[in-house]
Amino acid sequence: MNDKRKALVDELVYKGYIKSQKVKKAMLKIPREQFMPPDSINQAYDDRPVHIGKGQTISAPHMVAIIAEKLDLKEGMNLLEIGTGQGYNAAVIAEVMGKKGHIYTMERIPELAAKARENLKKTGYSDIVTVIEGDGTCGYPEKAPYDRIYGTASAPKIPEPLKEQLKIGGKLIIPLGSEYSQDLISMVKVAEDEYQTQKLGGVIFVPMIGKHGWPEN
Ligand code: SAM
């Protein structure tokens, strides 16, 4: 066991971000350093986002913990992630969910998608996590409907295709707001065209750029 990883997980438990044994076990198991650029691995167990190139970041561990807890994951679920980065969050979610489910994760920057595929293969998650290169604001209708959808980039409003691709009873978590600060929103689709939303707190994510998100500058 990596001592720094254990210390970080203990801190996230102490601060109340990690609440369940299954999220704790997953974050103790996944080597975050293997999802980071080689020149940043000394920052792998700091609780903050780190640059991964192309103007993007690997999310702070406490943010990964919050999303993993709030998704309320069950074995065998079908999931969609928007914003793969280099794949760390998807690996944590995959570990929490177990081998019977599947995660489709979308990344718009080809170099990051390729790196994420490599990282997920190296760490043993490529059977249950499929990286799709493309605009996640359009979702991935090929494998819809989804039990859970989550975004790790922020949008001005919930992209309509994501609402459509969510199962009834399914949950979507996404940061919504301006390009500089957002609220993390949890939305449950209670019936066709009927949704219940809840604010989970203030966050700062990189923008979700695409047809139903922010325009590319
Ligand atoms: N899930 C990542 C992790 O494990 O740390 C977080 C990555 S970063 C905070 C957000 C990612 O969203 C970036 O890699 C960015 O390129 C990607 N992104 C932004 N807009 C997107 C879109 N429309 N479709 C897919 N990916 C997008």
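These remarks concern the structure in this document. Quantities reported herein were computed from a predicted structural model and do not represent experimental measurements. (Residues numbered from 1 in each chain as written. Predicted model: local features only at pLDDT ≥ 70, side-chain atom pairs only at ≥ 80, totals over all residues. Heavy atoms only, no water.)

Another point: the site of the ligand. Lining the immediate environment of the ligand, one finds 26 residues, of which Gly83, Asn89, Glu107, Gly136 and Ile209 sit closest. Between the ligand and Glu107 there is a distance of 2.6 Å, counted from an oxygen atom to a side-chain nitrogen or oxygen. Contact distances for the ligand include 3.5 Å between a nitrogen atom and a backbone N or O atom of Gly134. Contact with the protein chains removes 99% of the 600 Å² of surface that the ligand exposes when unbound. Listed by contribution, the elements that provide at least two residues to the shell around the ligand are β2 (56-58), β3 (78-82), α4 (88-97) and β4 (102-107). Ranked by the residues each element gives to the shell around the ligand, the list is headed by β2, at 3 residues. Residues of the shell around the ligand, tallied by class, amount to 11 nonpolar, 11 polar and 4 charged. (Near = heavy atom within 4 Å. Polar contact = N/O pair within 3.5 Å; in protein donor to acceptor, adjacent residues only side chain to side chain. Areas by Shrake-Rupley, 256 points an atom, 1.4 Å probe, with all protein chains shown as cover. Helix = DSSP H or I, 4+ residues; strand = E, 2+ residues; numbered from the N terminus. Nonpolar A, V, L, I, M, F, W, Y, C, P; charged D, E, K, R; others polar.)

The next thing to look at is the packing of helix α2 (residues 21-29) against α4. As a packed pair, α2 and α4 sit with axes 9 Å apart at the nearest point and diverge in direction by 130°. Relative to α4, the element α2 is oriented oblique. Considering only the axes of α2 and α4, their crossing is right-handed. Contacts from Lys22, Val23, Ala26, Met27 and Lys29 of α2 reach α4 at Tyr88, Val92, Glu95 and Val96. Each residue belonging to the contact of α2 with α4 can be placed in one class, and the counts come to 6 nonpolar, no polar and 3 charged. (Axes fitted to C-alpha atoms, helices over the stretch in contact; angles between N-to-C directions. Parallel < 35°, antiparallel > 145°, perpendicular 65-115°, else oblique. Left-handed = near helix turned anticlockwise from the far one by under 90°. Contact = heavy atoms within 4.5 Å.)

Our next topic: the pairing of strand β9 (residues 194-203). Both strand β8 (residues 182-191) and β9 contribute to a ladder of 9 bridges, which runs antiparallel. Directly across from Asp183, in β9, lies its bridge partner Gly202. If you look at the hairpin formed by β8 and β9, you'll find 2 residues sitting between the two strands, and Asp193 has a positive phi there, around 60°. (Pairing = 2+ DSSP bridges.)

A word on the side chain of Thr152. Within the secondary structure, Thr152 sits in the loop between β6 (146-151) and α6 (160-164). A relative accessible area of 9% places Thr152 in the buried class. Those residues in contact with Thr152, other than ones at most four positions away along the chain, are Ser59, Ile67, Glu81, Ile82, Gly83, Asn89, Phe205 and Val206. (Buried < 20%, exposed > 50% of the residue type's maximum accessible area, 1.4 Å probe, protein only.)

Turning to unusual backbone geometry, a few remarks are in order. Across the junction of Ala144 and Pro145, the peptide omega takes the value 5°, indicating a cis bond. Located in the positive-phi region is Lys54, a residue other than glycine, with phi close to 60°. Relative to the helices and strands, Lys54 resides in the loop between β1 (50-53) and β2. Given the relative accessible area of 51%, Lys54 is considered exposed. Positive phi values are uncommon outside glycine, yet Asp193 reaches one of about 60°. On the secondary structure map, Asp193 appears in the loop between β8 and β9.

Our focus in this paragraph is the environment of Glu142. Within the secondary structure, Glu142 is located in the loop between β5 (129-133) and β6. Look at Glu142 and you get exposed, because its relative accessible area is 55%. Taking the C-alpha atoms as reference points, Glu142 and Thr57, 85 residues apart in sequence, are found 28 Å from one another.

Moving on: the sheet that holds β6. Hydrogen bonds between backbone atoms are what pair the strands of a sheet, whose relative direction is either parallel or antiparallel. With mixed pairing, 7 strands are arranged side by side in an open sheet as β5-β4-β3-β6-β7-β8-β9. Where the open sheet ends on each side, the last strands, each with one partner, are β5 and β9. Ignoring which end each strand starts from, the neighbouring axes of this sheet average 15° apart. Across 5 bridges, the pairing between β3 and β4 is parallel. Following the sheet pairing, Glu81 is matched in β4 by Thr105. The sheet strands contacting α4 are β3, β4, β5 and β6, and the helix crosses β4 at an angle near 170°.

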